[in-house]
Amino acid sequence: MKFNSFRLFFLCLFAGIAVSCKVMLIGAYDQVTDQGIQKIQTDVSQLIITLKKNLLNNKVSANEYSNFDKTYSSIEGEVESLNIRCKALPKYSQVVGELNALNGNVVLLEKLHKIDDFKVLRDTAVLNTTLSTLEVQFTAMVTLQNALKAEK
């Protein structure tokens, strides 16, 4: 009987330890990453809203790529800087993947803007769809950061 009680005691002790342990598949909350994502989101939203407002105000020439090349470089630089930081954080590969996908979308938008032979960016519906698509991406990123913050 003592052997079974002894075994039961250690089984309960092990179960208690196992239940109290927390397995983290992603790194802990990082305030700099959270703020960086929000800054990039603001800059991307401002870019697209500016393009849209220029169209609505019949200032089509104001949307020429040359007027936005520094904006794209700034956004891409912010994403790259945050990407480097996240690569240095333990268990942040998911965030790095999200940043790589975001950077890819910003680069695609820039390419489209550069070669806008079909005048796609002269359509507010296209800009609304682009903004909505990027908002989904940013929402996922911010939701993850908020979940990590709640775990803190």
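You'll find the structure just up there.
Criteria and cut-off values
- Residues numbered from 1 in each chain as written.
- Predicted model: local features only at pLDDT ≥ 70, side-chain atom pairs only at ≥ 80, totals over all residues.
- Heavy atoms only, no water.
- Helix = DSSP H or I, 4+ residues; strand = E, 2+ residues; numbered from the N terminus.
- Buried < 20%, exposed > 50% of the residue type's maximum accessible area, 1.4 Å probe, protein only.
- Areas by Shrake-Rupley, 256 points an atom, 1.4 Å probe, with all protein chains shown as cover.
- Salt bridge = Lys/Arg side-chain N within 4 Å of Asp/Glu carboxyl O.
- Expected span 1.5 Å × (residues − 1).
- Contact = heavy atoms within 4.5 Å.
- Polar contact = N/O pair within 3.5 Å; in protein donor to acceptor, adjacent residues only side chain to side chain.
- Core = buried A, V, L, I, M, F, W, Y, C linked by side-chain atoms within 4.5 Å.

Enquirer: What's the story with the overall build of the protein in this structure? I'm lost.
Expert: Looking only at helices and strands, the protein has five helices and zero strands in total. Helices (α) and strands (β) of the protein occur, in sequence order from the N terminus, as α-α-α-α-α. Considering the protein as a whole, with its 152 residues, one finds that 32% of them fall into the buried category. About 9700 Å² of surface is accessible on the protein, with carbon and sulfur atoms providing 61% of the total.

Enquirer: Explain the environment of leucine 56 here, please?
Expert: Within the fold, leucine 56 resides in helix α2 (residues 31-56). Placed 67 residues apart in sequence, leucine 56 and aspartate 123 show a C-alpha to C-alpha distance of 9.5 Å.

Enquirer: Looking at this model, I keep getting lost on the pattern of salt bridges. Mind explaining?
Expert: Two side chains carrying opposite charge are able to pair once their charged atoms lie near each other. Taken as a whole, this structure holds four salt bridges when the rule is applied. A salt bridge links aspartate 34 to lysine 149; the shortest N-O distance between them is 3.5 Å. Taken together, the positions of aspartate 34 in helix α2 and lysine 149 in helix α5 (residues 124-151) put the pair 115 residues apart, joining distant regions of the chain. Aspartate 34 sits in the buried class, given a relative accessible area of 2%. With a shortest N-O distance of 2.8 Å, lysine 39 and aspartate 43 are connected by a salt bridge. Of this pair, lysine 39 and aspartate 43 both sit in helix α2, four residues apart, roughly one helical turn. Lysine 39 sits in the partly exposed class, given a relative accessible area of 43%. What you see here is one network of salt bridges that share partners, running through Lys39, Asp43 and Glu78.

Enquirer: Whenever I open this one, α5 confuses me. Can you help?
Expert: Think of an α-helix as turning once every 3.6 residues; residues three or four places apart then point the same way. In this model, α5 (28 residues) spans 40 Å end to end at C-alpha, consistent with the 40 Å of a helix rising 1.5 Å per residue. Turning to α5, the residues buried within the fold contact α2 and α4 (93-114). The opening residue of α5, the one whose side-chain oxygen lies 3.0 Å from the backbone nitrogen of alanine 125, is aspartate 123.

Enquirer: Help me understand unusual backbone geometry in this model?
Expert: Phi is mostly negative for residues that are not glycine, and the peptide bonds are mostly trans. A positive phi angle, near 55°, is found at asparagine 58, a position not held by glycine. Mapped onto the secondary structure, asparagine 58 falls in the loop between α2 and α3 (69-88). Despite not being glycine, lysine 91 has its phi angle at roughly 60°, a positive value. The residue lysine 91 is located in the loop between α3 and α4 in this model.

Enquirer: Explain the nonpolar core to me, please; I cannot follow it from the model alone.
Expert: Nonpolar side chains in soluble globular proteins tend to end up buried together. Among the nonpolar cores identified, the biggest contains 31 residues, and Ile40, Val44, Leu102 and Phe138 are the most heavily contacted of them. When residues of this core are traced back to their parent elements, those giving at least two are α2, α3, α4 and α5. Those residues in contact with phenylalanine 138 that lie beyond four places of it in its chain are Ile37, Ile40, Gln41, Val44 and Leu102.

Enquirer: Looking at this structure, I do not really get the environment of tyrosine 65. What am I missing?
Expert: Tracing the sequence through the fold places tyrosine 65 in the loop between α2 and α3. Residues contacting tyrosine 65, with those up to four places away along its chain left out, are Tyr72, Glu110, His113 and Lys114. Within the local environment of tyrosine 65, its side chain forms a polar contact with the side chain of glutamate 110, the two groups lying 2.5 Å apart.

Treat this as a map of the structure, not an account of what it does.
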